[in-house]
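Examination of the molecular architecture
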Amino acid sequence: QVQLVESGGGLVQAGGSLRLSCAASGGTFSRFTMGWFRQAPGKEREFVAAIGRGGNTYYADSVKGRFTISRDNAKNTVYLQMNSLKPEDTAVYYCAADLSYGLEYREYKYDYWGQGTQVTVSS
């Protein structure tokens, strides 16, 4: 059983930065594709970014150039560096693990989910 725990959320002003972390336990972290998703109030959960086993990455258009996903396999941790934050980035951010090979943006492909961390960007 894989467990994921997010941290690093908080309140930040527009234009500011935050770094989210997601620590994984159970399973072989280096074999997972890891993803970040978010859910804003009243909206469906949406894909943000993913990183594959080899470090290849994929981003939603809305965050491309502002967010960076990375992983540290020695620490079983995936990160989401968020810069130039906007009020519309306000959401609960979830990390997820996909046990199959390949980058994935489709939510249903992910096998394990964290509990989420709140990010609030004030204008």
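In short, a report on the structure. From a predicted model like this one, the values you see are computed outputs, not experimental measurements. Numbers given to residues run from 1 along each chain, matching the order in which its sequence is written. Reporting of local features is limited, given that this is a predicted model, to residues whose pLDDT is at least 70; pairs of side-chain atoms are given and counted only at 80 or more, and all residues count toward the totals for whole chains, interfaces and linings. Derived side-chain values reflect all non-hydrogen atoms in the structure, with water molecules and hydrogen atoms excluded from consideration.

Moving on: the side chain of Arg71. Comment: elements are numbered from the N terminus, with helices defined as DSSP H or I runs of at least four residues and strands as E runs of at least two. Mapping Arg71 onto the fold places it in strand β7 (residues 67–72). Here's how the labels work: a residue is buried when its accessible area is under 20% of the maximum for its type, exposed when over 50%, partly exposed in between, all with a 1.4 Å probe on protein chains only. By the counting rule applied here, Lys and Arg register as positive and Asp and Glu as negative, while His and the ends of each chain are not counted. Salt bridge, as used here, is a side-chain nitrogen of Lys or Arg placed within 4 Å of a carboxyl oxygen of Asp or Glu. Among buried charged residues, Arg71 stands out as having no salt bridge; its nearest opposite-charge side chain is Asp72, 8.4 Å away. Under the rule applied, a polar contact is a pair of N or O atoms within 3.5 Å (in protein, one hydrogen donor and one hydrogen acceptor; residues adjacent in sequence only if both atoms are side-chain atoms). Here the side chain of Arg71 touches Ile51 through a polar contact of 3.5 Å, landing on its backbone oxygen. A distance of 2.9 Å separates the side chain of Arg71 from the side chain of Asn73, its partner in a polar contact. The contact criterion used is simple: two residues touch if any of their non-hydrogen atoms lie within 4.5 Å. Once you skip the residues sitting within four places of it in the chain, Arg71 turns out to touch Phe29, Ser30, Phe32, Thr33, Met34, Ile51, Gly52, Arg53, Thr77 and Val78.

Turning our eyes to something else, we now look at the sheet that holds strand β8 (residues 77–82). Strands sit in the order β1-β3-β8-β7 across an open sheet of four strands; the sheet is antiparallel. Both outer strands of the open sheet, β1 (3–7) and β7, are each paired with one neighbouring strand and no more. Averaged over all adjacent pairs, the angle separating strand axes in this sheet is 15°, with direction ignored. Strands are labelled as partners when DSSP assigns at least two bridges between them. In the sheet, β1 pairs with strand β3 (residues 18–25) via five bridges, with the strands oriented antiparallel. Paired with Ser7 across the strands is Ser21, a residue of β3. Interaxial angle, 0 to 180 degrees, is taken between N-to-C directions of lines fitted to C-alpha atoms, where a helix line uses only the stretch in contact.

This part takes up the environment of Ala91. Within the secondary structure, Ala91 sits in strand β9 (residues 91–98). We classify Ala91 as buried; its relative accessible area is 1%. Residues Ala91 and Gln81, spaced 10 residues apart in sequence, show a C-alpha to C-alpha distance of 15 Å. If near-sequence neighbours (up to four positions away) are discounted, Ala91 is found in contact with Arg38, Gln39, Ala40, Thr117, Gln118 and Val119.

Tallied over the entire structure, the rule returns six salt bridges. One salt bridge in this structure joins Arg45 and Glu107, with 2.8 Å as the shortest N-O distance. Pair noted here: Arg45 is in the loop between β4 (33–39) and β5 (46–51) and Glu107 is in the loop between β9 and β10 (112–113), with a separation of 62 residues, a long-range link. Taking the shortest distance from any N to any O, the salt bridge between Arg106 and Glu104 comes out at 2.8 Å. Members of the salt-bridge network, linked through shared partners, are Arg38, Glu46, Arg66 and Asp89.

Before going further, it helps to examine the packing of aromatic side chains. Both the distance between ring centres and the angle between the ring planes are used here to describe each pair of aromatic rings. Note on aromatic contacts: the rings of Phe and Tyr and the six-membered ring of Trp form a pair at centre separations within 6.5 Å, being stacked when their planes are under 30 degrees apart, edge-to-face when over 60 apart, and tilted otherwise. As enumerated under the stated definition, the model contains eight aromatic pairs in all. Geometrically, the ring pair formed by Phe29 and Phe32 is edge-to-face, given 6.2 Å between the ring centres and 75° between the ring planes. Looking at Phe32, the relative accessible area reads 4%, which means it is buried. Judged by centre distance (5.7 Å) and plane angle (75°), the ring pair of Phe37 and Phe47 falls under edge-to-face. Note that Phe37 is positioned in strand β4 and Phe47 in strand β5, a separation of 10 residues in sequence. Here, over-ring charges are defined by two tests on the NZ atom of lysine or the CZ atom of arginine: distance to the ring centre within 6 Å, and angle to the ring normal within 35 degrees. The lysine or arginine in question, Arg45, covers the ring of Tyr94, its NZ or CZ lying 4.8 Å from the ring centre. Here Arg106 stacks its cationic end above the ring of Tyr105, 5.9 Å away from the centre of that ring.

None of the figures reported here should be taken as evidence of function without further support.
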